[in-house]
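Structure at a glance
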Amino acid sequence: MLSRIAEALFWIGRYVERAECTARILDTYLQLLIEDPVIDEEATCRSVMAAMGIDYGEGTPDANALLQTLLLDRTAAPSIAYAIETARENARRSREVVSTEVWEAINSTYNAVLAGQLQQRRPADAFRFVRERASMISALADSTQSHDDGWQFIVLGRSIERIDMTARLIMMGNYVSGPNGAWALTLRSCGAAHAFTRVYRVTESPRAAAEFLLLDRLFPRSISHLLEQAGHCLEELDPRSRRVGFGGDAARVIGQAHARLSYLPLTDLVTDLPREMEELQRVCADATQAIAKRYFEGVVAPEWLTEAL
Amino acid sequence: MTGVTQSQSQTQGGTSGQVFGGYRSGTDTFDEMYDGTSCRPDYMGIQRQMQRLSVQEVQARADYLGHSYLDQGVTFDIGGQERPFPIDIVPRLIEAQTWSHVEAGVAQRVRALEAFLADIYDEGQVFRDGVIPRRVVTSSPHFLRVAKGINYPHGVRVHVSGIDLVRDGNGDFRVLEDNVRIPSGVSYVISNRRAMSTALPEVFAHHRIRPVSQYPAKLLASLRACAPSGVADPTVVVLTPGAFNAAYFEHALLARLMGTRLVEGRDLVAQGGRVLVRTTNGLRPVDVIYRRVDDDFLDPVHFRRDSMLGVPGLLNAARAGNVTIANGVGNGVADDKLTYTYVPDLIRYYLGQEPILPNVDTWRMEDAEHRAEVLDRLDELVVKPVDGAGGKGIIIGPRATKTQLDEMRKRLIADPRGWIAQPVIQLSTVPTLIGDTMAPRHVDLRPFAINDGEKVWVLPGGLTRVALPEGELIVNSSQGGGSKDTWVLAGDRGAVPEPSPAPAAEDAVVHPSLRAGRSAEPDTTQSQPPPTESAQPQRQSQSGSGGTQSQSQTVQTSFGGER
C-alpha cells in the first residue's frame, strides 16, 4: 500500500465519521434549544462550539450561527460540508483503491452538498441525510472492499475520530445545562440512548451513563470498545511478535489509554471527567501523529543517495 | 447488420413528430447518418429503435446519462473546476468494412512512427536518405538528445497512441494529427460504452457491437511485455501528475481497471539506477512506468529543475535498463505537426507501402513556395502552431479579423518553423440531441492503438468528440465539446477482407533494408537513386477535402490540454 493512499484512506475514515458525529451533536442540541424553555441559548451555543474547537469571539451565537458554522460553511474546518468535501477529495486521490461503490456514495453525497441540499432540507432532515450517508459509506467500505491494510486504515481513522468526538461530547455534557438530563443528552447525541436504556433501564444515573459510554465492551460507540478496535487495526497493520512488544508508537499510546480506562476505578474516572476527556483527545492526537510518522511519511529514504542501500 | 425481427421491420419510416423527424444533413458536409433526409442503411437500426421512443423518453435517457456521470465522477477539469463529461444520446456507428480500413491505417501509421523514432534516436538513416531534413527533427522542441541511448525492450516507444481522424466532404477518413506522447480520452470510451448500454438498452441489443472493455487488459499485457528483460513478474505503475490534472479521472480509472498502483512523482524514488515505490511496508521495486506526465516534468535532473511532478534520477534508471518508461521519452518529435507533413513519406520509406489513410493537405511554412502561397491566401486557411495543444494559437483565416491576420503574417515570417497551414476542413456530422431536437453536429474520431512489440492492436471504438455549438468545429472538451459512444459493428465472420496496403510508389525512397527486396523484383532492375535533396512535394492532389471552401470551419483536436 502506498503511504499516500494509506493517508487518504485514514482521513476518509475520519472525515466521514466526523460528519456523522457532528450531525448527531447538532441534531440533539438544536432540539434542546427548542424544547427547553429556560435554556441559555448563547451559553449553550458557545459551549457546543467550544467543544468543536471554535472560539466564537464577539457577538451572540444562536442556533443559526451554529448551523452556519457546523453544518453549512464549506470553508470552516469543523463543518459537515467541509468534512464531506475533504472526505471526497481524499477519495478522489485514492480512487483506484477505494471500491467503486464507496467512491460513488461519497461522490454523490458531495454532489448533494454542492447542490445545496443541506440548506434546502429542514435541519433535522439534513442531519438524517448526513447520518444515513455516513452509515452507507462505512457499510459499503466494510462490505465491498477487501479487509486488507487499506480497509484497516479506514477503520482505524473511523475509530480514532469516534473516540475523539465522543470525548468531546462527554465533556460538552458537563458544560451544558444543569445536572438535569445532561447525561441523557450526551447519550442521545452519541446515538446511545436506546442501547443504554436496554441495558440499564430508565435511570438518570450519571454514573451509569458514564460507565456505559466509557467502558461498555459491547456497545460499538463506547470508548473502551473503540480503543480496542483501534488497537486491533494497528496490530493487523504491524503484527507484533507473540511473546513481547507492540506495533509501534501508536499502538502504545492507544494501548495505554485503553489500560488506564479499563483498570482505573470508575469513581476516579468520574471525579475529574473533563480532564480525562481532554486526556483522551490528546491520545487521539498523539496516536494520529504516530501513525502519520510511521505510515504516511513513508519509510523516509534519502533522495540523492547514489549507490548506497 | 442487426437482428431485427419481422414485426420491428415494418414500423414507421421517419417522419416529423419523432426523434429524428425533420432532421436533414447539411448541404456541403458529409452526414454519417442521413443523406439529405434519408437515413443511410447502416444507421437504419438506430433510427428504427430510437423512433420507437418518444422525444420525452429520449430526453429522459439523455438526462440519465448526465446524471450518472456526475455520480460516478466521470469528469474532466477546466481551470481547476471539475465538470461532468458530456455524452450524447445518439451513438456513432462505424461498420465493419470501414473500420478494418481505419484499423489498418492506424496500425500502419504507428509502425512507421515507431521506426522513425527508433531511427532518429539512433543512426538517423532517414536523414541520409533525404526523406526528412535533419533540421526538421533537431529543431523540434520535443527532440530530446538525452533520450538517445535509452533501450526500449522490443523496440516499443509508442506503447499507446491516439491518431486523430476526420471524415472529409466525401466521407473519407483522413489523419489530422498524431498523438504519441500521452494521448488521453480512452477512459471516456470505456465509460461511454457502459453508460450507453444502460441508457439505450433496446438500441444496444439490436446491434452487434465490438466490445471496448478489454482495453485495460490489453494495455497491462503490453506494458508487462515491454518490461526490462529478466523480470519474471513485472510491477507496473501508472504515474499521474496528481488529482488536479485535467485527465486525472482517466489515470485513476486505468489504474483501477488494471489493478496497478496509481502513483505520483513523490511516491517514487530512484536509487542506484532503480526505481522504487514508497509503501507502508518500505520501498518496493517498479519495472514499468506508464507515465501520464509530460517529458518536461518527468525528471528534474534532466528536464525542468522546478518540476515537482517527476522523479529525480528516473531517466538514468531507464538508461541503465532497469525500468521501462511508457510512452518513450522524446516521442513528441513524431507528433510535431511539421513532422506530420512527412509521415506519408515515412510510411513509404520504412514500410515500403502507400499510406492507407491520407493526411490532410498541409503547407509547410518553411518552404518558400508554400509560404508565399499561404501568405497570399491567409484569409482562407487555418494556421496552426506545430507543437500546439488545446487549440492554443490556431488562427482560422475566414473568421479572423484583419488585424489578427496581419499579426499572424508577421509571426509566420518571423518563425516559419513554428507553423503549418491547412485548408479549412469540412468535418462530417452526426445527429446530436440539442435541447429537444436532433441537429447535425461536427465530429472527429480518435482511435487508440496499443503496441506490444509484436502487433499494433487498435481498440475497436475510439473517442468520438462532438462540437456542441451550432456550426462549431472545435471538438475540444475544454471548448464546449462533448462525446459520443462509438459503435464499431462486428462483421460477419470472414466477410471482411483484411485491407492490404499498396506497395510504395516506384519513385519513393525506401529504407535500405527494403531496397534489396525491391530490386530483386523482376520489373525493378535499377537500384535506388541516390538520396534526393528534398522530400516529396507535400501538397497532395487537390481532390478530396475541397481545400478552399469558404465556409468557416476548422478542427482542433488536442484533448483537455494534454496529449
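Residue numbers here run from 1 along each chain, matching the order of that chain's written sequence. Chain labels run from A onward and ligand labels from 1 onward, assigned in the order the entries are written. Whole-chain, interface and lining totals are the exception, using all residues; otherwise, since this is a predicted model, local features are given only for residues with pLDDT of at least 70 and side-chain atom pairs are given and counted only at 80 or more.

1. A closer look at the overall build of chain A
Here a helix means four or more residues in a row that DSSP labels H or I, a strand means two or more in a row labelled E, and each is numbered from the N terminus. Each helix and strand counted, chain A has 15 helices and zero strands in total. For chain A, the C-alpha radius of gyration of 20 Å lies close to 19 Å, the compact-globule estimate for 309 residues. Dimensions of chain A, computed from the C-alpha atoms along their principal axes, are close to 75 × 50 × 40 Å. We call two residues in contact when the distance between their C-beta atoms, placed using the backbone, is within 7 Å. For chain A, contacts bridging at least 24 residues in sequence account for 66% of all contacts bridging at least 6. Taken over C-alpha atoms, the radius of gyration is set against a globule rule of 2.2 Å times the number of residues to the power 0.38.

2. Details of the overall build of chain B
If you tally the helices and strands in chain B, you get 17 helices and 25 strands. For the exposure call, what matters is how many other C-beta atoms sit within 10 Å of a residue's own: 20 or more marks it buried, 12 or fewer exposed, and in between partly exposed, using C-beta atoms placed from the backbone. Classification of the 563 residues of chain B by burial places 52% in the buried group. In chain B, of all internal contacts separated by at least 6 residues, the share reaching a separation of at least 24 is 74%.

3. What to know about the domain arrangement of chain B
All names here are of chain B. Residue ranges assigned to the domains are those given by an automatic or database domain assignment. Taken domain by domain, chain B comprises domain 1 (110–158 + 211–352 + 506–516) and domain 2 (363–423). Placing the centre of domain 1 and that of domain 2 at their C-alpha centroids yields a distance of 31 Å. At the junction of the two partners, domain 1 supplies seven residues and domain 2 supplies six residues. Residue polarity is assigned by list, with Asp, Glu, Lys and Arg as charged and Ala, Val, Leu, Ile, Met, Phe, Trp, Tyr, Cys and Pro as nonpolar; anything else, Gly included, falls into the polar class. A per-class count over the side of domain 1 that touches domain 2 returns two nonpolar, three polar and two charged.

4. A word on unusual backbone geometry
Leave glycine aside and you will find that most residues have negative phi; peptide bonds, for their part, are mostly trans. Note that the residue after Ala326 of chain B, namely Asn327 of chain B, is joined by a cis bond; omega there is -10°. As for its position among the elements, Asn327 of chain B is in the loop between β14 (324–326) and α13 (337–340).

5. Here we look at the sheet that holds strand β9 (residues 261–263) of chain B
Residue and element names in this part refer to chain B. The strand order β9-β8-β13-β14 describes an open sheet built from four strands, whose pairing is parallel. Of all strands in the sheet, those bounded by a partner on one side alone are β9 and β14. If you compare each strand with its neighbour and ignore which way they point, the axes differ by 25° on average. Across the face of the sheet, helix α10 (residues 248–258) comes into contact with β8 (236–239) and β9 while running at roughly 150° to β9. By the convention used here, strands pair only if DSSP detects at least 2 bridges between them. All axes here are fitted lines through C-alpha atoms, helices being fitted over the stretch that makes contact, and every angle between N-to-C directions spans 0 to 180 degrees.

6. Regarding helix α9 (residues 182–189) of chain A
Residue and element names in this part refer to chain A. Among the eight residues in α9, six count as buried, and that is most of the element. When α9 is considered as a whole, its buried residues turn out to be Trp183, Leu185, Thr186, Leu187, Arg188 and Ser189. Of the residues flanking the end of α9, it is Gly191, one or two places downstream, whose phi is positive at about 70°.

7. Observations concerning the interface of chain A and chain B
Taken together, the contact between chain A and chain B spans 24 residues of the former and 23 residues of the latter. Sorting the residues of the side of chain A that touches chain B by element identifies α1 (3–35), α4 (80–93) and α5 (100–114) of chain A as the ones contributing at least two each. Ranked by the residues each element gives to the side of chain A that touches chain B, the list is headed by α5 of chain A, at five residues. Each residue belonging to the side of chain A that touches chain B can be placed in one class, and the counts come to nine nonpolar, six polar and nine charged.

8. Some details on the confidence of the model for chain B
As a general rule, the predicted coordinates of low-pLDDT regions are not to be interpreted in detail. All names here are of chain B. Here chain B averages 83 in pLDDT, while 86% of its residues score no lower than 70. Scored from 0 to 100, pLDDT records how confident the predictor is in each individual residue. Here residues 1–16 scores under 50 on pLDDT; set against residues more than four positions off or in separate chains, the count is 21 contacts. Between residues 520–563, whose pLDDT stays under 50, and residues either more than four places distant or in other chains, the model counts 106 contacts.

9. Overview of the packing of α1 of chain A against α4 of chain A
Residue and element names in this part refer to chain A. Where α1 contacts α4, the axes come no closer than 8 Å and their chain directions differ by 160°. In terms of axis orientation, α1 runs roughly antiparallel to α4. As for how α1 packs across α4, the hand of that crossing is left-handed. Between α1, through Ala8, Trp11, Ile12, Tyr15, Val16, Arg18, Ala19, Thr22 and Ala23, and α4, the contact on the second element is made entirely by Ile80, Ala83, Ile84, Thr86, Ala87, Asn90, Ala91 and Arg93. Taken together, the residues of the contact of α1 with α4 break down into twelve nonpolar, three polar and two charged. Roughly parallel here means an angle under 35 degrees, roughly antiparallel means over 145, roughly perpendicular means 65 to 115, and every remaining angle is called oblique. We call a crossing left-handed when the near helix sits turned anticlockwise from the far one by less than a right angle, and right-handed when that turn is clockwise.

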